[in-house]
Amino acid sequence: MKPAIALSIENLSFTYSGKKVLDKVGFQIRAGECTVLLGPNGAGKTTLFSLITRLYDSHDGRIELCGFDLQRQTCKALAKLGIVFQQTTLDLDLSVMDNLYYHASLHGIGRKQAQQQIRQELERLDMWERRLEKIRQLNGGHKRRVEIARALIHKPSLLLLDEPTVGLDVPSRQAIVEYVHQLSKENGLAVLWASHLIDEIYPDDHLLILHKGHIKANGTVDEVLRLTNTAHIKEAFHNLTQGEAT
Amino acid sequence: MTIVHYWRAMWGIVGRELWRFVTQRERFISALVRPLVWLFVFAAGFRAALGLAISPPYETYILYEVYITPGLCGMIQLFNGMQSSLSMVYDREMGSMRILMVSPLPRWFLLLSKLFAGVGVSILQVYVFLGIAWCDDIHAPWQGYLWALPALMLSGLMLGALGLLLSSFIKQLENFAGVMNFVIFPMFFMSTALYPLWKLKESSALLHNLAQYNPFSQAVELIRFALYGQMAQYAFIYTLVAFTVFMAIAILGYNPSKGMMSRKGGG
């Protein structure tokens, strides 16, 4: 039996200032699947994320999270979602714990349960010792870890990460990429990871290549290589995004 | 979503705002300096120039400082409402507003909670201000301080909802200076905060009319009468209606399908 569908998008289109940013986008992500959304700058990745998180709304198409229609069952759908945005969205003047307690309260988690879950997530990310420090005192990599911990406190089924490694040094990047892949494999978490860095893709990842609002490829790494008749993802990505006469 | 979930979320939002306010000592002090300068410098200098006849809720001749105190309570709430709106524009630009907006709760509830948080902070400021005024012999009947609480809640909600509404329209932080010039100052000066209506009528009928229909005037009158244990019914209804209208437009402004969210191109 196939794992449950965590995210299903059908025929999604979005127009911004008269320009079609997304055009009939459709794909699915199943539990335990790590999907990397690859696309050059301006491909529509952030817009797609804004639609999945319902910061934007589109009447063209349909988004379902764990079987809940985002338009009609917004709260139930959003409860299944953990998000790490491209920009840091932590309160710099509050401590790590206060930031995480705040998030837990927004998800209706009581103080005691929140403390247990926060501890669990921070320990897994080696951040428990720094829980009382203000966010302002942390470096970029540690802030990202806190944001990942925050996204997981309410035990989501789908984790969205919008270019979470931008601006980080190589060891921090590798640690985050490794950790998220491990989460997906061991905990059955569905992951949608937007990136433009090819070295963040693992061989068994699922790949989505988005270019100018269109899905150019959707499949496993091997399938995409076969489709493009190339040996490396870099080459496949180039063929699909640059080689096209657009 | 259960009631417990709503309660925890609201307490989380309000608690965070109060905690931030208390820990940011500079913000606390600067929020108090403005009304205190008006009270101890402006009002003291103006006392000699302005003669005030007896008018409700006052039963005797009063000093100008006494008259201006409820207006300055309103001023604290007006600035606080705008400060909240400024911080929401900032949060939106910095991204932290997104975390609130993607919570699994209805957007109207999240905005209302944010509003309550701002009102809580403004009431804290008002009572500290009234405490300092009391030390300077500006007294209201002690029951008035209790009656003022619901009045301050309603006026704070109305002014906070106005701030929320403005924040849904403002695209960038830089545009906020316009709010100071076109909203805060006209609202404050064309009101009964500094001069009674009859005094305004003496100088200009237009100014009198503008002040009369200014929702800030009604909020100030609500606070003024409450401080003397009286209910200003017209001001209460006017403030309540203004709050409802501002809040409804603000919710619409933050609605991703109907409002200005998509046009702003940000979260």
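It should be noted that the structure appears before, not after, this text.
Nothing here was measured: the structure is a model prediction, and the numbers come from that model.

(A) The overall build of chain A, seen in detail. Each helix and strand counted, chain A has 8 helices and 10 strands in total. Taken over C-alpha atoms, the radius of gyration comes to 18 Å for chain A, in line with the 18 Å a tight globule of 246 residues would show. Along the three orthogonal principal directions, the C-alpha set of chain A runs to about 55 × 45 × 40 Å. Considering chain A as a whole, with its 246 residues, one finds that 56% of them fall into the buried category. If you take every contact in chain A between residues at least 6 apart in sequence, the share linking residues at least 24 apart comes to 67%. Total accessible area computed for chain A in this model is approximately 11000 Å², and 47% of it derives from carbon and sulfur atoms. Distance between charge centres in chain A, computed from 30 positive and 29 negative side chains, equals 4 Å.

(B) Summary view of the pairing of strand β3 (residues 34–38) of chain A. Residue and element names in this part refer to chain A. Most of β3 sits out of view: 5 of its 5 residues are buried. Both faces of β3 are covered, namely the face carrying C34, V36 and L38 and the face carrying T35 and L37. As paired strands, β3 and strand β9 (residues 206–211) are joined by 4 bridges and run parallel to one another. Across the sheet, V36 pairs through a bridge with L207, a residue of β9.

(C) Region of the structure containing a nonpolar patch on the surface. A cluster of nonpolar side chains, contributed by F169, M231, F236, I237, L240, V241, V245 and I249 of chain B, occupies part of the molecular surface with about 690 Å² of accessible area. Sorting elements by how many residues they give to the nonpolar patch places helix α11 (residues 233–253) of chain B first, with 6 residues.

(D) Geometry of the sheet that holds strand β10 (residues 214–220) of chain A. Residues and elements named next belong to chain A. Pairing is mixed in the open sheet, where 6 strands are placed in the order β6-β7-β8-β3-β9-β10. This sheet does not close on itself; its edge strands, each paired only once, are β6 (81–84) and β10. Neighbour-to-neighbour, the strand axes of the sheet open up by a mean angle of 15 degrees, direction not taken into account. In this structure, strand β7 (residues 158–162) lies alongside strand β8 (residues 190–195), joined through 5 bridges in parallel fashion. Opposite L160, over in β8, you have L192 as the bridge partner. Helix-sheet contacts for helix α5 (residues 140–152) involve β6 and β7, and the interaxial angle to β6 is about 170 degrees.

Rules used throughout
Residues numbered from 1 in each chain as written. Chains lettered and ligands numbered in written order. Predicted model: local features only at pLDDT ≥ 70, side-chain atom pairs only at ≥ 80, totals over all residues. Heavy atoms only, no water. Helix = DSSP H or I, 4+ residues; strand = E, 2+ residues; numbered from the N terminus. Rg over C-alpha atoms; globule rule 2.2 N^0.38 Å. Buried < 20%, exposed > 50% of the residue type's maximum accessible area, 1.4 Å probe, protein only. Contact = heavy atoms within 4.5 Å. Areas by Shrake-Rupley, 256 points an atom, 1.4 Å probe, with all protein chains shown as cover. Lys, Arg positive; Asp, Glu negative; His and termini not counted. Charge placed at Lys NZ, Arg CZ, Asp CG, Glu CD. Pairing = 2+ DSSP bridges. Patch = residues over 30% accessible without salt bridge, like charges linked within 9 Å, V, L, I, M, F, W, Y side chains within 5 Å. Salt bridge = Lys/Arg side-chain N within 4 Å of Asp/Glu carboxyl O. Axes fitted to C-alpha atoms, helices over the stretch in contact; angles between N-to-C directions.

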